[in-house]
Amino acid sequence: MKPFGYLRARSVAEAVRESAAHPGARFLGGGTNLVDLMKLGVETPGLLIDVSRLPLDRVTESADGALRIGGTVRNSDLAAHPAVRTRYPALSQALLAGASGQLRNTATTGGNLLQRTRCPYFQDTSKPCNKREPGSGCPAREGVHRDLAVLGHSTACVATHPSDMAVALAALDATVVLLGPDGARTVSATGFHRLPGDDPVTDTVIRPDELITEVLLPPLPDGTVSLYRKARDRASFAFALASVAVVLHVRDGRTEHAALAFGGLAHRPWRARAAEEILRGAPATEGTYEAAVDAELAAARPLRDNAFKVTLARRLAVDALAELAARP
Ligand SMILES: Cc1cc2nc3c(=O)[nH]c(=O)nc-3n(C[C@H](O)[C@H](O)[C@H](O)COP(=O)(O)OP(=O)(O)OC[C@H]3O[C@@H](n4cnc5c(N)ncnc54)[C@H](O)[C@@H]3O)c2cc1C
Ligand code: SF4
């Protein structure tokens, strides 16, 4: 085991300051992913900066109707929050579809966004993996890749991002608030995670010393409905083979607003812009939904063993759109 230091940050400012002072340090949220990766030897930080007790554990409503979610709000608390359940059900459903009750009681908003891929080669230090060891290769491309990407992958990496919550946040047009030594900045949830390209080491656009302090959910127009659907090998404790978050506003039989994001298909939550373009202003019919989803998934490039994910994602998305549109 590699020895490491532990520091419980007493303030947000101290957390950021200590991170900047200790290159290679990691913030510790609930530890449900980071500690596992340390046990596997995948992560070897010299210092853990525990941020789990910082006063970032509140969900509050802004005067403009936006919801502010602190970076250390536990996944269970967020899923159960009345404003999330009533106004952003896709987020509540996505959280409840992830992990297990015990894990959700510990896991934080910031940690959930930054959890790492479950690609089996990434988690096995005896195997090559470009994400863990740049230039070593990607054995998943020709090896075990049933659970991996069908969209946006590269020759360097075909991993998927595992978070359910991040998929709902992308469809809900959330914003991630980051605080670093140079101050605060915001990034859209859609732009937070990146595609692998030729640099699969980097999952997101966060800088090494930045702390996720908040996630902001914008208010939704009256009449907007949302849901999250997930297909997986087991009914609980399993990552998405494919999932979809849909946010929809239908008026007088036409789609006024549609936002879709897929999970389990790519290195990041996959915002379905081509589908949204077709849905906007179009009649709210099953035929439109099928055409829209097919247009999006035309970009899919399945690997040898995961073409089934495209069919799965198509059915999930078309069903979700039809179900939401049928609501009174
Ligand atoms: C058996 C199992 C099944 C699971 N199934 C699912 C599933 O189906 N769906 C799903 O979505 N998830 C699933 N998970 C993953 C779980 O949701 C994540 O482990 C959890 O959300 C991570 O949150 P955490 O607070 O424990 O993060 P940590 O493990 O504490 O941290 C993860 C990463 O985030 C960084 N970090 C933490 N907080 C911050 C912050 N505020 N600012 C900046 N960086 C930060 C850490 O440095 C680390 O790099 C599963 C986990 C397990 C173990
Ligand atoms: S898919 Fe990505 S994470 Fe998996 S082995 Fe290839 S490079 Fe590593």
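Preceding this paragraph is the structure being described.
A quick note: this is a predicted structure, and the numbers were derived from the prediction, not measured.

Q: What is the right way to read the nonpolar core from this model?
A: Burial of nonpolar side chains together is a common tendency in soluble globular proteins. With 94 residues, the main nonpolar core has A90, A168, A171 and V246 as its most contacted residues. It is helix α12 (residues 308-325) that provides the largest number of residues to this core, a total of eight residues. If near-sequence neighbours (up to four positions away) are discounted, A168 is found in contact with A90, L91, A94, Y228 and A245.

Q: Explanation requested: the site of ligand 2 in the structure shown.
A: C119, Y121, C129, C138 and C157 are the nearest of the 15 residues found near ligand 2. Looking at the shell around ligand 2 residue by residue, the classes come out as 12 nonpolar, two polar and one charged.

Q: Is there a simple way to explain the sheet that holds strand β12 (residues 270-271) in this structure?
A: With antiparallel pairing, the four strands of this open sheet are ordered in space as β9-β10-β11-β12. A strand with exactly one partner marks an edge of an open sheet, and here the two such strands are β9 (225-231) and β12. The pairing of strand β10 (residues 242-251) with strand β11 (residues 254-263) spans nine bridges and is antiparallel. Across the sheet, A245 pairs through a bridge with A261, a residue of β11.

Q: Can you help me understand unusual backbone geometry in this one?
A: Negative phi is the rule for most residues except glycine; trans is the rule for most peptide bonds. If you check the backbone angles, A99 has positive phi at about 55 degrees while not being a glycine. Counting through the fold element by element, A99 comes out in the loop between α5 (89-96) and α6 (101-106). A tally of 24 C-beta atoms within 10 Å means that A99 is categorised as buried. Notably, F237 is not glycine yet its phi reads approximately 65 degrees, a positive angle. Position of F237 among the secondary structure elements: in the loop between β9 and β10. Taking the number of C-beta atoms within 10 Å as the measure of exposure, F237 has 11 and is therefore exposed.

Cut-offs applied
- Residues numbered from 1 in each chain as written.
- Chains lettered and ligands numbered in written order.
- Predicted model: local features only at pLDDT ≥ 70, side-chain atom pairs only at ≥ 80, totals over all residues.
- Core = buried A, V, L, I, M, F, W, Y, C linked by C-beta atoms within 7 Å.
- Buried ≥ 20, exposed ≤ 12 C-beta atoms within 10 Å, placed from the backbone.
- Helix = DSSP H or I, 4+ residues; strand = E, 2+ residues; numbered from the N terminus.
- Contact = placed C-beta atoms within 7 Å.
- Near = placed C-beta within 6 Å.
- Nonpolar A, V, L, I, M, F, W, Y, C, P; charged D, E, K, R; others polar.
- Pairing = 2+ DSSP bridges.

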